[in-house]
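Geometric and topological summary
Below are the chains, spelled out letter by letter.
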Amino acid sequence: MAPVPLSPVNVGHIDDVQELRKAKPTKIPERFVRDETERPSLSKTNLSSAYETIPVVDLSKLVKGSQDEFQKEISKLAVSCEEWGFFQVINHGIDLDLLESIEKVGKEFFMLPLEEKQKYPMAPGTVQGYGQAFVFSEDQKLDWCNMFALGVEPHFIRVPKLWPTKPHKFSETVEEYSREVRRLCQKLLSFIAMSLGLNKDTFEEMFGVAVQAVRMNYYPPCPRPDLVLGLSPHSDGSALTVLQQGKGSSVGLQILKDNTWVPVQPLPNALVINVGDTIEVLTNGRYQSVEHRAVTDKEKDRLSIVTFYAPSYDIELGPIPQLVNGNLPCKYKRYSHGEYSKHYVTNKLQGKKTLEFAKINQTQNSS
């Protein structure tokens, strides 16, 4: 486990990918070029089936459907979490104008001059501000992505100087959007609890004052999308992650399903939900977090707005007792969520490796 950065982390020179794009380089800088085993296959073979395969959950049927509709939808939710770790939610109750507004201010922020964006720098070894997160050495490969991330709730995790004054109404829109997404996460977690045969308030009561953060990812077009990754493969340390993709964006999100990278094209006005490591631990592995990554496109840019929802840092977590028995022995140790969060944000993104921290009887190695 990497130590928490107490002194500056030496990350070397990090090119801003939007500025790189403007400069039209004849070749991709070496730090962005992936080893051959990591390079994305840009075959379209899975694309046509992406709509059909990623499960779609209709929240309105869970909230106000008939008994029959509710049972069908809760079963679909269970299958989504158990077999995919991902689903799209439609009729989620968030005003579509608000989705447009957050997308608008997000895009406007990334279109600001570099010197304006650099007023809100993401310090090396941290995860709030503008820049690239999860970079810990000067020889680490970089993602073809600019990020802007903010801690939202509870208020003590906020860094006020990183909340931008431009574009107009950016902060107010993030506040309103985050309130609505928080409500959505609470609803989804109550139905996820019910799908496991648990009391609907199980997660709400366990989480305390939930931690919430928002991150905007901007992927400019890349002249060689076959050589780079927009975002390295990883699972999320959260309980739930909510992803909104900008309208008209390229297909960028891919999830690892049966050892194949499957592209996800969000349905219009849907939000993409994925199960994080925290839910995997709490459900004793019944619902598993899934590795995912982002790829780039030669012609089109992509904007995504991602919300991470997780328990309070001072909560101790471990498998829920009802989900541990003789047939399903306990797979994960108990730990403080704050301890796990610190472990997650001080390591580079590397598949599901971070979750090794929580597993019981894992062979410890020094690699």
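The written sequence of each chain sets the order in which its residues are numbered from 1. Restriction of local features to residues with pLDDT of at least 70 applies here, the model being predicted, together with a cutoff of 80 or more for giving and counting side-chain atom pairs; totals for whole chains, interfaces and linings are based on all residues. Computation of side-chain values covers all heavy atoms of the structure but excludes hydrogens and water.

1. Looking at the confidence of the model for the protein
In plain terms, the rule: Per-residue confidence from the predictor is reported as pLDDT, a score between 0 and 100. Should any heavy atoms of two residues lie within 4.5 Å, those residues are considered in contact.
Across the protein, the average pLDDT comes to 86, with 87% of residues at or above 70. When the criterion is pLDDT under 50, residues 1-7 qualifies, and its contacts beyond four places in sequence or with other chains add up to 9 contacts.

2. Thoughts on the packing of aromatic side chains
This is how the line gets drawn: By convention, a stacked pair of Phe, Tyr or Trp rings (six-membered ring in the case of Trp) has centres within 6.5 Å and planes under 30 degrees apart, an edge-to-face pair has planes over 60 apart, and any other such pair is tilted. The numbering of helices and of strands both runs from the N terminus, where a helix is a DSSP run of H or I of at least 4 residues and a strand a run of E of at least 2. Burial classification: accessible surface area is computed with a 1.4 Å probe over protein chains only, and a residue below 20% of its type maximum counts as buried, one above 50% as exposed, and the rest as partly exposed. A ring has a charge above it when a Lys NZ or an Arg CZ is no more than 6 Å from the ring centre and no more than 35 degrees off the ring normal.
All chains considered together, the criterion is met by 12 aromatic pairs. Centroid distance Phe-110 to Tyr-130: 6.3 Å. Interplanar angle 50 degrees. Geometry classified as tilted. Within this pair, whereas Phe-110 is found in helix 5 (residues 96-110), its partner Tyr-130 is found in strand 3 (residues 129-131), the two being separated by 20 residues in sequence. The pair formed by Phe-110 and Tyr-130 is uniform in burial state, with each residue classed as buried. Three or more aromatic residues joined by ring pairs form one cluster here, namely Phe-109, Phe-110, Tyr-120, Tyr-130, Phe-148, Phe-170 and Tyr-218. If you follow Lys-257 out to its NZ or CZ, it ends over the ring of Trp-84, 4.6 Å from the centre.

3. Describing the sheet that holds strand 10 (residues 271-275)
For the record, the criterion: Any two strands with at least two DSSP-identified bridges between them are counted as paired. To define axes, lines are fitted to C-alpha atoms, for helices over the stretch in contact only, and angles between the resulting N-to-C directions are given on a 0 to 180 degree scale.
Taken together, the 8 strands give an open sheet; going across it, the order is 1-2-10-7-12-5-4-3, and neighbouring strands pair in mixed fashion. In this open sheet, the two strands that pair with only one neighbour each are strand 1 (56-58) and strand 3. Going across the sheet, the axis of each strand differs from the next one's by a mean of 25 degrees, ignoring polarity. Summarising the sheet, strand 5 (residues 211-219) and strand 12 (residues 302-310) pair through 9 bridges and their orientation is antiparallel. Within the sheet, the bridge partner assigned to Asn-217 lies in strand 12 and is Ser-304. Lying over the sheet, helix 7 (residues 170-195) contacts strand 2 (86-90), strand 4 (146-153), strand 5, strand 7 (240-245), strand 10 and strand 12, oriented at roughly 130 degrees with respect to strand 7.

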